[in-house]
Amino acid sequence: MIERRSNTALWTVIGTVVLIGFWETIVRLLDVRPMVLLAPSRIVSTFVDDPGPYLQDAWITGRHLVYGLAISLAISLLIGAALAAIRPLEHASQPMLVLIMVTPWVAYITSVVLIVGSGQRAVVFLVAFVTIPAFVYATVGGMRSADPAARELFASIDASKWEVLWRLRLPSALPSLFTAMRFNIGLGLGAAYFAEGAALRLDGLGDTGRRAASFSDGEGLWTTILCTAVLGLLAQVIVAVVERSTLRWHQSQR
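A.B. asks: Help me understand the overall build of the protein, please; the structure alone is not making it clear to me.
C.D. replies: Looking only at helices and strands, the protein has 10 helices and zero strands in total. Counting from the amino terminus, helix and strand elements in the protein follow one another as α-α-α-α-α-α-α-α-α-α. Within the protein, buried positions represent 39% of all 254 residues. The contacts in the protein between residues at least 6 apart in sequence include a share of 73% that link residues at least 24 apart. Split by element, the accessible area of the protein, about 14800 Å² in all, is 69% carbon and sulfur.

Have a look at this one:
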């Protein structure tokens, strides 16, 4: 097991080094303009020269992501539990869930700002709003995948609906919820970055990136992009660690 994890980490490092080397080479050989694509070495240099503002912005963007995902997950669990129990309700909700997924949220950020107000509220709202469908689908599918034998056992001991939900259906939904969380981290970060630049904020990676783009500051723009990517990678690592410790009993972690 330890050897397999070491090999996985080694190949991950190798893939990362190859990607960075290829990126650096392409930019230098083709002499790409900074606004189009910036070499990794220059991005790192820009960050190292003055890391404070970027770290502060990353903290703000990360906070927006956590708030939005937490609200989205709480709402989705309530909705998903209801849909899993009542099939007609699930069918009736499909148009709304699909509409949320396929509508380009970049087009209605102005409406969001006008409805909920500018600043943090608009950013958190957009992150929560666009990530709800994935969590709902994961909750419904996971709860319905509960072991039939276990359901019969709970029925034989006359367990309450709350006990069945808490002890059987919710644990059965955890693997799919963790998968949805991985997907929603990327989606939520994209929404947070864009909303910060359009919600009349004066902080966050998105707002800094917007101002850098306005002044054709390629170094500042690509540094915010890389900081957002690193923030997403850290979030994915945290989710992976929590998933492994929480789902030790599940086949996927054996």
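A.B. asks: Explain unusual backbone geometry here, please?
C.D. replies: Peptide bonds are trans in most cases, and residues, glycine excluded, mostly fall at negative phi. A positive phi angle is found at D31, which is not glycine, with a value near 55 degrees. Unlike most non-glycine residues, S216 shows phi in positive territory, near 55 degrees. Examined against the element boundaries, S216 turns out to sit in the loop between α9 (205-214) and α10 (218-246). Given a relative accessible area of 55%, S216 falls into the exposed group.

A.B. asks: Is there a simple way to think about the packing of aromatic side chains in this case?
C.D. replies: We describe a pair of aromatic rings using the distance from one ring centre to the other and the angle between the two ring planes. On inspection of all chains with the given rule, the structure shows four aromatic pairs. When the ring of W105 is compared with that of F194, the centres are 5.9 Å apart and the planes differ by 65 degrees; the resulting orientation is edge-to-face. Of this pair, W105 sits in the loop between α4 (87-102) and α5 (109-116) while F194 sits in helix α8 (residues 161-198), and the two are 89 residues apart along the sequence. The exposure class assigned to W105 is buried, which follows from its relative accessible area of 18%. Under the relative-accessibility criterion, F194 is labelled partly exposed at 29%. When the ring of Y108 is compared with that of F129, the centres are 6.2 Å apart and the planes differ by 85 degrees; the resulting orientation is edge-to-face. Here F129 lies in helix α6 (residues 120-144) and Y108 lies in the loop between α4 and α5, a separation of 21 residues in the sequence. For Y108, a relative accessible area of 17% corresponds to the buried category. Ring pairing ties together the aromatic residues Y108, F125 and F129, which thus form one cluster.

A.B. asks: Please clarify how the pattern of salt bridges should be interpreted in this entry.
C.D. replies: Once the charged atoms of two side chains with opposite charge are near each other, the side chains can pair. One pass over the structure, following the stated rule, counts six salt bridges. Taking the shortest distance from any N to any O, the salt bridge between R28 and E24 comes out at 2.7 Å. Within this pair, R28 and its partner E24 are both found in helix α1 (residues 2-30), separated by four residues, close to a single helical turn. Given the relative accessible area of 58%, R28 is considered exposed. Across the pair E219 and R42 runs a salt bridge, and its minimum N-O distance is 2.2 Å. Taken together, the residues span a long stretch of sequence, with E219 in helix α10 and R42 in helix α2 (residues 40-49) at a distance of 177 residues.

A.B. asks: What am I meant to see in a nonpolar patch on the surface here?
C.D. replies: Taken together, the side chains of M96, V98, L99, M101, V102 and Y137 present a nonpolar region at the surface, about 550 Å² in accessible area. Here the element with the most residues in the nonpolar patch is α4; it accounts for five residues. Summarising the element assignment, Y137 is placed in helix α6. According to the relative accessible area criterion, Y137 is partly exposed, its value standing at 31%.

A.B. asks: I'm lost on the packing of α2 against helix α3 (residues 51-85) in this one. Help?
C.D. replies: How two helices sit against one another is set out by the angle between their axes and by the gap between those axes. Closest axis-to-axis distance for the α2/α3 pair is 5 Å, and the angle between their directions is 95 degrees. Considering the angle they form, α2 stands roughly perpendicular to α3. Two secondary-structure elements touch here, α2 through T46, F47, V48 and D49 and α3 through P51, Y54 and L55.

A.B. asks: Which parts of the structure should I look at to understand the side chain of D57?
C.D. replies: Positionally, D57 belongs in helix α3. The buried charged residue D57 lacks any salt bridge, with R211 as its nearest oppositely charged partner at 5.3 Å. A polar side-chain atom of D57 sits 2.5 Å from a polar atom in the side chain of T208. What D57 contacts, discounting residues up to four positions off in sequence, is D203, G204, L205 and T208.

Rules of the game
- Per chain, the residues get numbers from 1 upward, laid out in the order the sequence is written.
- Local features in this predicted model are restricted to residues whose pLDDT is 70 or higher, and side-chain atom pairs enter the listing and the counts only when it is 80 or higher, whereas totals over whole chains, interfaces and linings include all residues.
- Neither water nor hydrogens contribute to the side-chain values; these are computed over all heavy atoms in the structure.
- Numbering of helices and strands runs from the N terminus; a helix is a DSSP stretch of H or I covering at least four residues, while a strand is a stretch of E covering at least two.
- Note on classification: 1.4 Å probe, protein chains only; a residue is buried when its accessible area is under 20% of the maximum for its type, exposed when over 50%, partly exposed between these limits.
- We call two residues contacting when some pair of their heavy atoms lies within 4.5 Å.
- Residue-level accessible areas treat just the shown protein chains as cover; the underlying method is Shrake-Rupley with a 1.4 Å probe.
- Only rings of Phe, Tyr and Trp enter the pairing, Trp through its six-membered ring, and a pair is recorded when the two centres are within 6.5 Å. The plane angle decides the type: under 30 degrees is stacked, over 60 is edge-to-face, the rest tilted.
- When a carboxyl oxygen of Asp or Glu is within 4 Å of a side-chain nitrogen of Lys or Arg, the pair counts as a salt bridge.
- Patch membership is restricted to residues that have no salt bridge and whose relative accessible area is over 30%. Joining uses 9 Å for like charges and 5 Å for the nonpolar side chains Val, Leu, Ile, Met, Phe, Trp and Tyr.
- Angles run from 0 to 180 degrees between N-to-C directions of axes, and those axes are lines fitted to C-alpha atoms, restricted for helices to the stretch in contact.
- Throughout, the term roughly parallel applies to angles under 35 degrees, roughly antiparallel to angles over 145, roughly perpendicular to angles from 65 to 115, and oblique to all others.
- Counted charges follow a simple rule, with Lys and Arg positive, Asp and Glu negative, and His plus the chain ends left uncounted.
- In protein, a polar contact requires one atom able to donate a hydrogen and another able to accept it; more generally it is a pair of N or O atoms within 3.5 Å, and residues adjacent in sequence count only if both atoms are side-chain atoms.

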